[in-house]
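Coordinate analysis (summary)
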Amino acid sequence: MRLYDYLPSANGYKVRTLLKQLGLAYELVPVDIFAGESHTADFHANKNPDGRIPVLEPEPGRFLAESNAILLFLAEGTRLLPEDRFARAQVHQWMFFEQNAVEPNIGTARFWLLTGRQPLESDVLRNRIQNGERALATLERHLGKHPFLVEERYTVADICLFAYVHLAPEAGVALTPFPAITTWLERVKAQPGFLGPVPPYSANAHVR
């Protein structure tokens, strides 16, 4: 099994976390996305037509893109994905929420701020930050009543949400107003096989 990834990517971090926690062996194939390595003709034709990472090659010649799709594929049949139909749908619910409300706002604002790519129009960044705060308020309401996102236990949904939520301060979104989220983050970090910090962006990611 191979994982094509750029280590500073929080989307890739989700997949690497799950692989470690499931004890699955894999070969890491680094992809320098800022050098255009994910937008070659070969990458588009054979790995991901959208030219993004991570991409999983679970067996030779078969490729799966989109981090949350990879998470669900790897978690199938494990303790991290419920067997109950409704509980599985709840896992999907939170993973869709992550891609709809968390990653586009917290992830984008963080990327802009850390690489010097923030838009000249201050309202654009401010809107991302405010939308990120609204997403965290939603998460706070749920985690104020539950230790984890689904079935009161750790699932792949928690791995998914953790990746960008724990990086919120780097996006200009403070976590101090969200005590339930802060406590949940510590629960996630306490799980066996926790991966540790996300590596910093490479030098060529920064605007000079």
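You'll find the structure just up there.
Small disclaimer: the values here were computed from a predicted structure and weren't measured.

Here the focus is the overall build of the protein. A tally of helices and strands in the protein yields seven helices and four strands. Across the protein, helices and strands are ordered from the amino to the carboxyl terminus as β-α-β-α-β-β-α-α-α-α-α. A compact globule built from 208 residues would reach a C-alpha radius of gyration of about 17 Å, and the protein, at 17 Å, matches this within 12%. The principal-axis extent of the C-alpha atoms belonging to the protein is close to 50 × 45 × 25 Å. For the protein, contacts bridging at least 24 residues in sequence account for 68% of all contacts bridging at least 6. Seen as two clouds, the 21 positive and the 23 negative side-chain charges of the protein have centres 2 Å apart.

Relative to strand β2 (residues 27-30), strand β1 (residues 2-5) runs parallel, the two being bridged by four bridges. Of the residues in β2, the one forming a bridge with Asp5 is Pro30. Following the chain from β1 across helix α1 (residues 10-21) to the adjacent parallel β2, one finds a crossover that is right-handed.

Scanning all chains against the criterion turns up 13 salt bridges. Linking Arg110 and Glu170 is a salt bridge whose minimum nitrogen-to-oxygen distance equals 2.6 Å. With a gap of 60 residues between them, Arg110 in helix α4 (residues 85-115) and Glu170 in the loop between α6 (156-165) and α7 (179-189) connect regions that are remote in the sequence. Residue Arg110 is classed as buried on the basis of its relative accessible area of 4%. Overall, the relative accessible area of 36% leaves Glu170 in the partly exposed class.

Conventions adopted
- Residues numbered from 1 in each chain as written.
- Predicted model: local features only at pLDDT ≥ 70, side-chain atom pairs only at ≥ 80, totals over all residues.
- Heavy atoms only, no water.
- Helix = DSSP H or I, 4+ residues; strand = E, 2+ residues; numbered from the N terminus.
- Rg over C-alpha atoms; globule rule 2.2 N^0.38 Å.
- Contact = heavy atoms within 4.5 Å.
- Lys, Arg positive; Asp, Glu negative; His and termini not counted.
- Charge placed at Lys NZ, Arg CZ, Asp CG, Glu CD.
- Pairing = 2+ DSSP bridges.
- Right-handed = clockwise from strand over helix to strand, strands pointing away.
- Salt bridge = Lys/Arg side-chain N within 4 Å of Asp/Glu carboxyl O.
- Buried < 20%, exposed > 50% of the residue type's maximum accessible area, 1.4 Å probe, protein only.

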